[in-house]
Each structure stands twice: as C-alpha cells, then as structure tokens.
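# Structure at a glance
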Amino acid sequence: MPLASLVQSIQMPVQPITRPKPVAILADRRVQYMSHSYVCRRVPRNHIATLLCEDLEPQAGDLILVRVLKIGRFDFIESSDLSVTPICEGQELIVCYAPVQGNHDSIGVKDTSERRYQLLNPAGIASRSESRAYLSNQATELEYVGILANTRGQQINIGHWAIPVGTGNYVSQPVIAVIGERNLPGEACRSADMIRGLSQSGFTVGAANITGVPGCWKVGLLRKSGAKLAVDITDAGFIGVTGLGTAALEQIFLSLSGYLADSRVDIMVLEIEQGVFGHDTAGIVSLSCFQNRITSIVLEGRIGRETELERDALRALGYNVTLVDIPASRKQYAALS
C-alpha cells in the first residue's frame, strides 16, 4: 500500500460499533399483574412483550415500567378500564413518561439524574423529577425499571395508537366549544350540564376535552351525563398541551373532532379548560380549521373586564359567543342547554 494511502486510512475516523439494545422478555403473568394506567388505555396489554433494560432516556408519551417505592400524595391509580385502584409499595405500574418542560408551568420542578421518578398524575403520568410544589415526603415515589416494547423490541408510545388526524373529514354537525371552565372532581361542570340537557332532548352528543389534564373522572363524568362518546388529548396521542406548537394543537383538534364526526353524533361539545388569552387557547381559536368547524362558543364569565375582552376578541374573529354567568346571558345559555 502506498504511504499516502496508509496515512489517509490511519487518519479516517473509526466508526463506532452499534450494539443492539439489551432486551428482556416479559413473562405473560408478569404483564397481566401490572396495573395498566388510564393514559395508556389505547395500547392493548397483549402488545407489551419486552423491556428495554439499557439506561435509555424515554421520550414523551413512551410507556415505561415503574415500581412503587413509597406511597405519598397519590395512593391510587386511574386504570385503563376507567376505574380507580389502590396501589401499594412494590407494585409494578404501566405508566406514561412526561419530560419536565422548561417553561413557566414547571417552576419548582427540576430533573434528577437518579432512577427515582414521581407519579405526577394518578391517571398514569410519571417523570424523573423533583417538585417543590409539595414536600418531598408527600410525593408518590417510583423506581424506573425500563421502557416497555413490543415483540420486536420497539418502544411503545401512546402516539402509535392515537386516533388518526383525519384532515379530510367533513363536519356537518353543530360544534359547541366551552371555553374557560376549570373544574375539579365533585364540582359542577357546565359541559356536563349541556350534554345532559341535549341528550335528554333526544340528541346524541359527542364530547372532547381538548386541553384539560387527562383523567378518567372527566371522561366518565361526560359519559354519565349522556355523551355517546367522550375523548381527551390522550386519545390523540398526547399527555399534555403545555409547550406544544400550533401544529400539535391542530393535530389534537382535528383528531378528536374528526373522530366524533365519524361516529355520527348529532352535536359535539368541546371543552377548553383555559382562558381565551392563555397560550394554548389562543393558538387553538386562531386555527382556520377551528374557525371553520365551530358553530358557537360558550364563554365562562369571571369577575372583572377580562371576560368582556375575551368575548370581544372572539367576536372579532367571527365567532358566535355566549357569555354565561352574567344575567343577560342566562336565558341564552338555558336555550343552548
């Protein structure tokens, strides 16, 4: 070999050897005993076959296996069958990974480099983080075991089982958007009241929670109120809307509204649990597809002039807005209900 060619071959970078990811086969009995959380409900349990044991960083929406180390703030898990199940130390859970977002919503939350996770939401959302929002001894601590995968060792993500976007769907049904109402379990829910009134009047109603925190209690409430179908952002393959761009918000809206339209309901009721000037709501109401599909907006009234500004902003965009919780609009809201 000529000297120049020999020198060139020595100077060439050495290609790293790619090693296959270590994969452990999960016994069927072990998978059956795992608690399957609500946010992972669209993934069939029988598609969970292997565990990626390498110290890989999961991506948002990945199904991960965790083991309960300490019971804290949450001593239960919302299950895939929309029930609530107590949890105990040592129990294995199928949950969804959520990375810590670097924005204002994550003040007081920081990443940790350990394998200790926290249960952020009993619907089955976990993250490798510490929060100062409540004392550390109040957190439900989890041990990260690994990323769940299929028979081929491919990571499973709730996005793989999401409702298709369906951009070509023609929506002929009336679509009512309820904006600005935030409620907790046990509180009155305007969307549920509207669904109840519409269903009792003989209409079949489809409901979707577009921005709210995932939870089986909300979907269960909407169904018990008379909704033929009720879906939320996890059905679109997302575990939260914070920090999402316009394209992702459009995907969520098109997926859920198109799915309800295909189910042949008479009327759709969509919940947006945020004020009009919130980042996520502002992005949604500005979408041309949202403007084309929304028939009427029910805006939750609050004390002060902010609500009037929200109403005027929506009307400037061409929406038909009913402002509720003020005397002049109560009769109009009653007619909608």
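Along each chain, numbering runs from 1 in the same order as the chain's sequence is written. It should be noted that, the model being predicted, local features are given only for residues of pLDDT at least 70 and side-chain atom pairs only at 80 or more, the latter also being counted only at that level, while totals for whole chains, interfaces and linings use all residues. Side-chain metrics in this entry use all non-hydrogen atoms of the structure; hydrogen atoms and water are not considered.

## Examining the sheet that holds strand E15 (residues 227–232)
- In this analysis, strands are considered paired if DSSP registers two or more bridges between them. Counting from the N terminus, the helices are the DSSP runs of H or I reaching at least four residues and the strands are the DSSP runs of E reaching at least two. In spatial order, the strands read E15-E14-E16-E13-E17-E18; together these six strands make up an open sheet with parallel pairing. Strand pairing shows two members of the sheet lacking a second neighbour, E15 and strand E18 (321–324), which therefore form its edges. Direction aside, neighbouring strands of the sheet carry axes that sit 20 degrees apart on average.
- Strand direction decides the pairing type here: strand E13 (residues 175–179) and strand E16 (residues 267–272), joined by five bridges, are parallel. If you follow Ile179 over to E16, its bridge partner there is Ile272.
- The strands touched by helix H3 (residues 190–200) are E13, strand E14 (205–209), E15, E16, strand E17 (296–300) and E18; relative to E16, the strand with the most contacts, the crossing angle is about 175 degrees. Orientation is described by lines fitted to C-alpha atoms, with helices fitted over the stretch in contact, and by angles between N-to-C directions that extend from 0 to 180 degrees. In this description, contact between two residues means that some pair of their heavy atoms is separated by no more than 4.5 Å.

## Quick word on unusual backbone geometry
- Phi is positive for Leu82, close to 70 degrees, though the residue is something other than glycine.
- Within the element layout of this structure, Leu82 appears in the loop between strand E5 (76–78) and strand E6 (84–86).
- Partly exposed residues are those whose accessible area sits between 20% and 50% of the maximum for their type, while under 20% is buried and over 50% is exposed, using a 1.4 Å probe and protein chains only. With a relative accessible area of 29%, Leu82 lands in the partly exposed category.
- Located in the positive-phi region is Arg264, a residue other than glycine, with phi close to 65 degrees.
- Looking at Arg264, the relative accessible area reads 70%, which means it is exposed.

## Digging into the side chain of Glu78
- Tracing the backbone shows Glu78 in strand E5.
- Charge convention: Lys and Arg are scored as positive, Asp and Glu as negative, and His as well as the terminal groups of each chain are ignored. Every case where a carboxyl oxygen of Asp or Glu lies within 4 Å of a side-chain nitrogen of Lys or Arg is listed as a salt bridge. This buried residue, Glu78, is left without a salt bridge; Arg41 holds the nearest opposite charge, at 8.4 Å.
- Two N or O atoms form a polar contact when they lie within 3.5 Å of each other; inside protein one atom must be a possible hydrogen donor and the other a possible acceptor, and for residues adjacent in sequence the pair counts only when both atoms belong to side chains. In terms of polar contacts, Glu78 uses its side chain to reach the backbone amide nitrogen of Cys216, at 2.8 Å.

## Considering the pattern of salt bridges
- Summed over the entire model, instances satisfying the criterion amount to 14 salt bridges.
- The partner of Arg41 in a salt bridge is Asp235, with the nearest N and O atoms 2.6 Å apart. Of the two residues, Arg41 sits in the loop between strand E2 (35–36) and strand E3 (50–52) while Asp235 sits in the loop between E15 and helix H5 (246–262), which places them 194 residues apart along the sequence.
- A relative accessible area of 19% means that Arg41 is categorised as buried.
- We classify Asp235 as buried; its relative accessible area is 5%.
- Linking Glu141 and Lys70 is a salt bridge whose minimum nitrogen-to-oxygen distance equals 3.8 Å.

## Digging into helix H8 (residues 306–316)
- Of the residues making up H8, those classed as buried are Thr307, Glu310, Arg311 and Leu314. Projection of H8 onto a plane perpendicular to its axis shows the buried side chains occupying an angular sector of 100 degrees, all on one side.
- In the stretch just after H8, Gly318 is the one whose phi turns positive, near 100 degrees. Read the arc as the range of directions from the helix axis to the C-beta atoms.

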